[in-house]
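The residues making up each chain are set out below.
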Amino acid sequence: MRAPRLLVIGIDGATLDLIGPWAREGKLPALRGLMESGVTKPLRSTLPPVTPVAWSSFLTGADPGGHGIYSFFRLDHSSYRPLPVHAGHRRLPSFWQSLSQAGVAVGQFNTPFTYPVEPLNGFAVAGFDTPTFGRGAAYPDGAFETALNGDHGYVHGPVPLAPRETYHERLRKQAMTQVRMCGRLLQRWPCDVFMVTFCATDHGAHRLWPLGATTEEVARVGGDVLEAYQVADEAIGEILERHADDGTTVLVVSDHGMGPAEGAVNMTRVLAEAGLLRVRPEAGRDNSIPLRLRAVRGVRRFFRDGAGRVLKPLALRLMPERAKAAVAHTELSSIDWERTLAFPWGTYGQVQINREGEWAEGCVGPRDADAVARDVTQAFEELRDPASAGPVIDEVAPAEEIYAEERAPGSPDLLVIPHDYSYDIGPYLQSPEGPPVANSHTDGGEWIDVPAIHRLEGTLIASGPCADRISELESPRLEDIASVILRIAGVSSDGESVSTQPDGSPYTEEQARQVERHLEDLGYL
Ligand SMILES: [Zn+2]
């Protein structure tokens with residue numbers, strides 16, 4: 001089997017703040033080997049630095065304004081309901097298309113948010129967000145089955161946390177199965193450019209980071225987070241051993257970094273207190289609203305203690321559908337749209353102005369939109385941490401300032417950027433009764449859903465004959481990598497900006513719920 005000329009290894013959410021010290025101490029031998037023989041740089045992610053947005057920029061070389069993926073969700077303009085995004089919503093083709101058109105043999109395995117996969121000159125197996133292995137999850141048809149070849153008990157989505165005592169073992173089993181799957185795919189379809197992505201770094205850190213621990217403490221102590229990184233490192237070592245030779249250039253790319261959640265911002269409450277968002281007054285009389293509040297409170301209490309944390313995936317599976325939906329959609333579903341000027345959505349600071357003609361119950365006319373944007377900005381910029389009295393928000397950025405490309409539909413109007421990216425900020429985080437800002441240390445986790453959240457700087461490591469392509473980049477951004485890959489493969493980008501995917505959702509209702517369950521399990525809902 002010939003080795004690919006270019007091997008791209010994705011490690012979701014891996015931060016250099018941890019890889020650096022752990023590699024130096026010999027705790028991540030495969031990454032250490034690449035770093036010693038090559039070049040290592042921080043890699044700037046997208047705004048917001050979340051997985052679907054970031055990998056879409058990696059794939060297309062465009063910022064979110066260009067590719068049109070702004071969050072895990074997009075909002076339906078008539079119902080205000082959040083719907084999961086998938087690669088079919090992406091407006092631009094990936095670099096895999098340019099490589100395929102140039103006749104380069106390619107293969108990709110497990111890159112997040114590549115479902116439904118594009119047909120290409122080789123093979124593709126979509127990432128963890130894939131609902132089921134039916135149509136659209138792999139190319140050509142049967143590629144997934146070829147890869148699996150009867151391997152038992154493979155979990156393609158996020159590995160459930162429970163039972164906690166076997167979590168790392170199951171994480172490792174998943175990664176090692178993926179290594180074998182890559183081997184079978186490359187045996188069947190040898191290629192020149194190959195990419196595999198491992199997610200243990202992101203999924204493990206989100207769940208296992210000790211609440212309130214600094215990055216330096218985690219780097220020093222290691223513990224559960226180190227063990228998750230070691231799962232990825234071992235898998236990378238195996239891939240290098242089996243599929244790289246002296247002629248292979250290796251790129252290691254993470255889509256964003258990770259660090260502790262200093263606290264959480266309750267966007268719904270902030271906008272409500274500023275008079276920009278109203279919760280329905282009849283909420284108290286509506287049976288479903290107390291149920292929602294009770295469900296949120298009960299679930300929070302349950303997850304706060306150790307047993308609840310361990311049992312979270314199980315608990316979510318066992319909860320009645322109505323309560324699950326309530327947990328996910330509490331704030332948005334209780335909003336009085338006719339009297340709401342601005343509302344939060346997405347999972348990271350996105351704010352929409354409820355414009356007339358754009359939203360079913362839009363009530364902000366064109367002349368008032370700027371004033372509403374100013375009020376939103378002021379409401380967030382005034383926030384202070386209840387424990388430290390320090391700033392909570394660095395900037396409320398209008399989309400036209402942060403997205404250089406002409407904006408695709410679905411863009412937020414404003415993006416609220418937390419101080420040092422260290423506050424969890426989304427509409428699903430807290431019930432309306434929660435405080436505007438919670439602190440991880442003083443609120444004991446009561447209002448904190450995940451102990452670690454994304455940072456702007458991910459990781460870029462290059463080794464092998466073409467590593468100097470990375471040395472040339474001064475402050476690399478995720479969007480720069482597609483053109484580097486094309487140059488290493490000797491292909492010029494055609495820059496064509498056309499949709500490669502048919503319109504409409506490839507999800508059935510059940511598949512959409514499956515995707516939502518995966519996101520719930522990771523704490524995004
Ligand atoms: Zn990610």
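Just so you know, these numbers come straight off a predicted model, no measurement behind them. (Residues numbered from 1 in each chain as written. Predicted model: local features only at pLDDT ≥ 70, side-chain atom pairs only at ≥ 80, totals over all residues.)

Bringing the pairing of strand 16 (residues 423-426) into the picture now. Note on strand geometry: in a regular strand, side chains alternate between the two faces of the sheet. Residues Tyr423 and Ile425 line one face of strand 16 and the alternating positions Asp424 and Gly426 line the opposite face, and both faces are buried. Relative to strand 16, strand 11 (residues 263-266) runs parallel, the two being bridged by four bridges. Residue pairing for strand 16: Ala264 is matched across the bridge by Asp424. (Buried ≥ 20, exposed ≤ 12 C-beta atoms within 10 Å, placed from the backbone. Helix = DSSP H or I, 4+ residues; strand = E, 2+ residues; numbered from the N terminus. Pairing = 2+ DSSP bridges.)

Attention now moves to the sheet that holds strand 11. With mixed pairing, three strands are arranged side by side in an open sheet as 16-11-17. Each end of this open sheet is capped by a strand with a single partner; those strands are strand 16 and strand 17 (437-439). Averaged over all adjacent pairs, the angle separating strand axes in this sheet is 20°, with direction ignored. (Axes fitted to C-alpha atoms, helices over the stretch in contact; angles between N-to-C directions.)

Among the structural elements, Gly68 can be located in the loop between helix 4 (64-67) and strand 3 (73-75). Its 23 C-beta neighbours within 10 Å are what place Gly68 among the buried residues. Put simply, Gly68 and Arg90 are 22 residues apart on the chain and 5.7 Å apart in space, counted from C-alpha to C-alpha.

At the junction of Tyr139 and Pro140, the peptide bond is cis and its omega measures out at -10° in the coordinates. When you line up the elements, Pro140 lands in the loop between strand 7 (138-139) and helix 6 (143-148). Residue Pro163 follows Ala162 across a cis peptide bond; omega there is -5°. Along the chain, the position of Pro163 falls in the loop between helix 6 and helix 7 (167-188). You will see that Asn110, though not glycine, has its phi angle at about 75°, which is positive. A positive phi angle, close to 65°, is found at Ala389, a residue other than glycine. Relative to the elements of secondary structure, Ala389 occurs in the loop between helix 15 (369-381) and strand 14 (393-398). Judged by the 7 C-beta atoms lying within 10 Å of it, Ala389 falls in the exposed class.

Before going further, it helps to spend a moment on the environment of Pro49. Tracing the backbone through its elements, the reader meets Pro49 in the loop between strand 2 (39-44) and helix 3 (51-60). Its 24 C-beta neighbours within 10 Å are what place Pro49 among the buried residues. C-alpha of Pro49 to C-alpha of Ser71: the two residues are 22 residues apart in sequence and 9.4 Å apart in space. Setting aside residues up to four positions removed in sequence, Pro49 forms contacts with Ala54, His256, Tyr421, His454, Arg455 and Leu456. (Contact = placed C-beta atoms within 7 Å.)

Below, the discussion takes up the packing of helix 7 against helix 10 (residues 223-243). Helix 10 packs onto helix 7 with a crossing angle of 20° between their chain directions and a minimal axis gap of 9 Å. Relative to helix 10, helix 7 is oriented roughly parallel. Relative to helix 10, the crossing made by helix 7 is right-handed. Together, His168, Leu171, Arg172, Ala175, Met176, Gln178, Val179, Cys182, Gly183 and Leu186 of helix 7 and Glu227, Ala228, Val231, Ala232, Ala235, Glu238, Ile239, Arg242 and His243 of helix 10 make up the contact between the two elements. (Parallel < 35°, antiparallel > 145°, perpendicular 65-115°, else oblique. Left-handed = near helix turned anticlockwise from the far one by under 90°.)

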